[in-house]
Amino acid sequence: QVQLVESGGGLVQPGGSLRLSCAGSGSIFNILTMGWYRQAPGKQRDMVATITRDGDTDYADSVKGRFTISRDNAKNMVYLQMNSLKPEDTAVYYCNARIVTSRFDGGGIYWGKGMLVTVST
């Protein structure tokens, strides 16, 4: 059984920073692309940033230059450093990963449970 567990969310003032972490655990053979998504109230879930196993990254236009995604393949972890936070960054943030559980498995998509990030005074 595979799990993704997020940590690091919470309340921060505009202009502040937060670092989100996500740890994969369970029967993991390999983790391919990992990423962060977010869902604001009343809106759809959108991609924030993704990173391949080799370190290639992609960002939503709204976070470019402010957020940085990174990963530690040895620890099955992905991080999101969020700087210069704005009220519009307020959302539930979800960790996402394509995980291979055996050498016979093409990989499935897994999600964390999500955690709230609130940017407010």
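Rules used throughout
- In every chain, residue numbers begin from 1 and rise along the written sequence.
- pLDDT decides what is reported in this predicted model: residues at 70 or higher carry local features, side-chain atom pairs at 80 or more are listed and counted, and totals for whole chains, interfaces and linings draw on all residues regardless.
- Side-chain numbers come from the whole structure's heavy atoms, not from hydrogens or water.
- Nonpolar cores are built from buried Ala, Val, Leu, Ile, Met, Phe, Trp, Tyr and Cys residues. Side-chain atoms within 4.5 Å join them into one set.
- Exposure classes here rest on a 1.4 Å probe applied to the protein chains alone. A residue is buried below 20% of its type maximum, exposed above 50%, and partly exposed in between.
- Only DSSP runs of H or I with at least four residues qualify as helices, and only runs of E with at least two residues qualify as strands; both kinds are numbered from the N terminus onward.
- When checking whether two residues touch, look at their non-hydrogen atoms; a contact exists if any pair is within 4.5 Å.

Visitor: Any chance you could explain the nonpolar core here in plain terms?
Guide: If you look at soluble globular proteins, the nonpolar side chains tend to sit buried side by side. Within the largest apolar cluster, 29 residues are counted, with the highest numbers of intra-cluster contacts made by Trp-36, Leu-80, Met-82 and Tyr-93. Elements supplying a minimum of two residues to this core: strand E1 (2–7), strand E3 (18–26), strand E4 (30–39), strand E5 (45–51), strand E7 (67–72), strand E8 (77–82), strand E9 (91–100) and strand E11 (115–119). Sort the elements by how many residues they give to this core and E9 lands first, with five residues. When neighbours within four sequence positions are excluded, Leu-80 is seen to be in contact with Leu-18, Arg-19, Leu-20, Trp-36, Val-48, Ala-49, Phe-67, Thr-68, Ile-69 and Tyr-93.

Visitor: Before we go on, may I ask you to explain unusual backbone geometry in this structure?
Guide: Generally, phi is negative for residues other than glycine and the peptide bonds are trans, each holding for most cases. One non-glycine residue, Asn-76, adopts positive backbone phi at about 55°. Under the relative-accessibility criterion, Asn-76 is labelled partly exposed at 21%. Phi is positive for Ser-84, close to 50°, though the residue is something other than glycine. If you trace the backbone, Ser-84 turns up in the loop between E8 and E9.

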